[in-house]
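Single-letter residue listing:
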Amino acid sequence: MSKKTAFSLRIFFPTGDPEGLCFITKPLWTGQGIVFPRANYEEVRELDVLETSGVYILWEYIPEGYLPRVYIGESDNLKSQLNHHNNNKDFWTHCVVFLSKDQFLDKANIRYLEARLVALGRRSQTLRVGRCRGT
């Protein structure tokens with residue numbers, strides 16, 4: 001069993017709404033997480049930071065007692081891939097993307113992250129996990 005170490009996260013809500021768009025960073029980490037409900041997608045799609053590579057998770061918010069559907073993917077251009085999913089996948093209500101703030105993630109890193117997320121999701125047995133290869 002690996003030893004757990006404490007860490008802190010910075011969560012920023014640019015609109016002041018904790019149910020809306022939020023940016024997540026960790027000190028000494030070159031990555032960034034962006035979480036948002038689909039209802040805010042029109043606002044999110046204007047973010048230039050999404051014109052890069054990364055991994056993403058789409059999920060549906062459902063009542064307790066049902067297995068949520070989760071879709072995990074990676075892309076060289078997150079904005080383009082999310083636009084495609086917004087137009088062609090009806091099930092998702094929320095999204096999180098993980099990307100590098102300094103362009104440090106290469107294709108191998110991104111595919112590794114995607115595979116780890118899929119494996120963790122499937123192992124949890126509390127999700128219905130799908131996987132997609134991005135552009």
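All values derive from a computational prediction rather than experimental measurement.

(A) Structural detail: the overall build of the chain. Per the secondary structure count, the chain includes three helices and seven strands. Written out in order from the N terminus, the α and β elements of the chain read β-β-β-α-β-β-α-β-α-β. Relative to its length of 135 residues, the chain is compact, with a C-alpha radius of gyration of 15 Å against a globular reference of 14 Å. Each of the three principal axes of the chain carries a C-alpha extent, and together these read 40 × 35 × 30 Å. Relative to its 135 residues, the chain shows a buried fraction of 39%. When the accessible surface of the chain is summed, it comes to about 8500 Å², and 54% of that surface belongs to carbon and sulfur atoms. Of the side chains in the chain, 18 bear a positive and 15 a negative charge, and the two mean positions are spaced by 10 Å.

(B) Looking closely at the pattern of salt bridges. All chains considered together, the criterion is met by six salt bridges. Two residues, Glu-74 and Lys-107, come together in a salt bridge whose shortest N-O distance is 2.7 Å. Here the residue Glu-74 occupies a position in strand β5 (residues 69–75), and Lys-107 occupies one in helix α3 (residues 107–124), the gap between them amounting to 33 residues. Overall, Glu-74 belongs to the buried group, its relative accessible area being 0%. Salt bridges sharing common partners tie together Glu-74, Asp-76, Lys-107 and Arg-111.

(C) Expanded view of a nonpolar patch on the surface. A surface patch of nonpolar side chains, about 400 Å² in accessible area, is lined by Phe-7, Leu-9, Ile-11 and Phe-13. By secondary structure assignment, the location of Leu-9 is in the segment before β1 (10–12).

(D) Spatial organisation of the pairing of strand β2 (residues 22–25). Two strands pair when backbone bridges link them, and β1 and β2 are joined in this way by three bridges, in the antiparallel orientation. Considered in β2, the bridge of Ile-11 is made with Ile-24. The antiparallel pairing of β2 with strand β3 (residues 31–37) creates a hairpin that spans five residues between the two strands, and Leu-28 there sits at a positive phi of about 65°.

(E) Region of the structure containing the state of the cysteines. Under the defined criterion, the tally for this structure stands at zero disulfides. Left unpaired, Cys-22 is separated from the closest cysteine sulfur, that of Cys-95, by 11 Å.

What counts, and where the lines are drawn
Residues numbered from 1 in each chain as written. Predicted model: local features only at pLDDT ≥ 70, side-chain atom pairs only at ≥ 80, totals over all residues. Heavy atoms only, no water. Helix = DSSP H or I, 4+ residues; strand = E, 2+ residues; numbered from the N terminus. Rg over C-alpha atoms; globule rule 2.2 N^0.38 Å. Buried < 20%, exposed > 50% of the residue type's maximum accessible area, 1.4 Å probe, protein only. Areas by Shrake-Rupley, 256 points an atom, 1.4 Å probe, with all protein chains shown as cover. Lys, Arg positive; Asp, Glu negative; His and termini not counted. Charge placed at Lys NZ, Arg CZ, Asp CG, Glu CD. Salt bridge = Lys/Arg side-chain N within 4 Å of Asp/Glu carboxyl O. Patch = residues over 30% accessible without salt bridge, like charges linked within 9 Å, V, L, I, M, F, W, Y side chains within 5 Å. Pairing = 2+ DSSP bridges. Disulfide = S-S within 2.5 Å.

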